[in-house]
Amino acid sequence: AERLCIIMIKTLQKAGNKVTLVTTDKTNWPLIEKKYGLTCKLDRELFLIPNIFETASLTSRVAITLSSFLAESFLLKLKEKHDLLINTSGEVINLMEDIAYINAVPMRIAFDYPESLPIENSWWRCCSRIYNLFLKAVDKLNSNSLLLTNSKFNDTVIRKCFGRHALVIYPPVDVEKFKQSFTNKKRNNLVITVSRLRPGKNLEYILKVARVVRDSKFLIVGPSYKASEITIREINRSAEKLGVRNRIQMLTNQPLPVLLRMLSEAKVLLHTQTYEAFGMSIVEAMAAGCVPVVPRNGGPWFDILDQKQGEYGYSYGSVKEAAEVIKMLMDDEGMREEVSARASRRATAFDISVFERKILNVVNEVC
């Protein structure tokens, strides 16, 4: 979401527009640059609060974020005058936006897709329903926003829940940057997972797969927050219990060059989140030469792999199936190299240049 927002801003500025960034809390630009290698010179920046206080409680953090975002949306609409309001938060709040880019299953309809919730329980489903009822009342004030989304899969979700069609514009991936990691050198029997360390990502799948695939090491790379401590402890505890602790490694809050080096050494990217709307990290890994192994649902399967098993990567429906696919790739180097080359070529379909062209067409049409 951060990368999408920044590249959206840069695209609009490149076309001669002045852009104001409005956020709930103040952006940590040094951290953004370290994590993503992206910088952005803004014409103006507004935020409601200096920072969201650190808490391990997921419920309180989400409640603060959503309530602050809603308050800010009303203030923005009432007080600020712009030619165009673009919402990239992932939610659909018709009072606010002229254009909404929906980059995940929206929180307001997550009760129909419990796998997309950060924690699958009745409390979160109840919160999602209440949130949706509130926003339905807001929707009646204005329902003319143009909906964009990041995958055909997410468009089906939006049509089912809102009865509205969303124009699919795939998110921007810096394919060339990751293609630099595509080398012909011998790769290790390494399976990499790129993910935020939080509940709802199904990271326990990695440990279960590792218990079956005994001749490979597994690496988890991703950002870590205070709330990630619980997830990290659970992964370590489960890895010890399953007897795979010596083959599981976690690298948190690493700069981009470290990720690029890890992708150049790995053979397989194992994605574990079900009902993922798209999955930019999957395309990045493909560009770098990793063969993706993804759940057989969501945008990674429907959009990125185009539902073609073995063409650009593989899908799985169970831990056993994922393990069998990975063992096959580790054992057959010739086939792995062929799929890897096709995957890297496929990644170019999601390059930044494609996103820029389509976004500017939409903005010009709306204006």
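In this text, all values refer to a predicted model and were calculated from it rather than measured experimentally.

Undergrad: Quick question: what am I supposed to make of the overall build of the chain here?
TA: When its secondary structure is counted, the chain shows 14 helices and twelve strands. A fraction of 67% describes how many contacts in the chain between residues 6 or more apart in sequence connect residues 24 or more apart.

Undergrad: Could you clarify how one ought to interpret the pattern of salt bridges in this entry?
TA: Pairing is possible between side chains of opposite charge, provided their charged atoms come close. If you walk through the whole model with that rule in mind, you get ten salt bridges. Between Glu-265 and Arg-261 there is a salt bridge, with the nearest N and O atoms lying 4.0 Å from each other. Taken as a pair, Glu-265 and Arg-261 lie in helix α9 (residues 256–265) at a separation of four residues, close to a single helical turn. Taking the shortest distance from any N to any O, the salt bridge between Glu-321 and Arg-296 comes out at 2.4 Å. One end of the pair, Glu-321, is in helix α12 (residues 319–331); the other, Arg-296, is in the loop between β11 (291–295) and α11 (299–304), and 25 residues separate them in sequence. Given the relative accessible area of 37%, Arg-296 is considered partly exposed. A single network of salt bridges, built from pairs that share partners, joins Lys-267, Glu-333 and Arg-336.

Undergrad: Any chance you could explain the sheet that holds strand β6 (residues 167–168) here in plain terms?
TA: Strands in a sheet are paired, the pairing made by backbone hydrogen bonds, and the direction either parallel or antiparallel. Strand order in this open sheet of four strands is β3-β4-β5-β6, and the pairing throughout is parallel. Each edge of the sheet is formed by a strand with only one pairing partner; in this case those strands are β3 (86–87) and β6. As paired elements, β3 and strand β4 (residues 99–102) share two bridges and run parallel to each other. Considered in β4, the bridge of Ile-86 is made with Ile-99.

Undergrad: Mind showing me how you'd approach a negative patch on the surface here?
TA: A cluster of acidic residues, Asp-215, Asp-331, Asp-332, Glu-337 and Glu-338, forms a negative patch at the surface. You can see Asp-331 is positioned in helix α12.

Undergrad: What should I look at first to understand the sheet that holds strand β10 (residues 268–270) in this one?
TA: Strands sit in the order β9-β8-β7-β10-β11-β12 across an open sheet of six strands; the sheet is parallel. The open sheet has two edge strands with one neighbour each: β9 (248–252) and β12 (314–316). Adjacent strand axes in the sheet meet at a mean angle of 25°, parallel and antiparallel pairs treated alike. Where β11 lies against β12, three bridges are found, and the strand directions are parallel. Bridge pairing in β12 places Pro-295 opposite Tyr-316.

Analysis parameters
Residue indices begin from 1 for each chain and proceed along its sequence in written order. Given that the model is predicted, a residue must reach a pLDDT of at least 70 before its local features are reported, and side-chain atom pairs must reach 80 or more before they are shown or counted; all residues, however, enter totals for whole chains, interfaces and linings. Only hydrogens and water are set aside when side-chain values are computed; all heavy atoms of the structure are taken into account. Strands are runs of DSSP state E lasting at least 2 residues, helices are runs of H or I lasting at least 4, and numbering of each runs from the N terminus. The contact criterion used is simple: two residues touch if any of their non-hydrogen atoms lie within 4.5 Å. A pair is scored as a salt bridge if a Lys or Arg side-chain nitrogen falls within 4 Å of a carboxyl oxygen belonging to Asp or Glu. Exposure classes here rest on a 1.4 Å probe applied to the protein chains alone. A residue is buried below 20% of its type maximum, exposed above 50%, and partly exposed in between. Being paired, for any two strands, means DSSP has found at least two bridges between them. Distance thresholds for patches are 9 Å for like charges and 5 Å for nonpolar side chains (Val, Leu, Ile, Met, Phe, Trp, Tyr), applied to residues having over 30% relative accessible area and no salt bridge. The method behind every accessible area is Shrake-Rupley, applied with a 1.4 Å probe, and residues are considered shielded solely by the protein chains displayed. A positive count includes Lys and Arg, and a negative count includes Asp and Glu. His and the chain ends are not counted in either. The atom standing in for a charge is NZ when the residue is Lys, CZ when it is Arg, CG when it is Asp and CD when it is Glu. To get an axis, fit a line to the C-alpha atoms, keeping to the stretch in contact for a helix; angles then go from 0 to 180 degrees between the N-to-C directions.

Read these as geometric descriptors, not functional statements.
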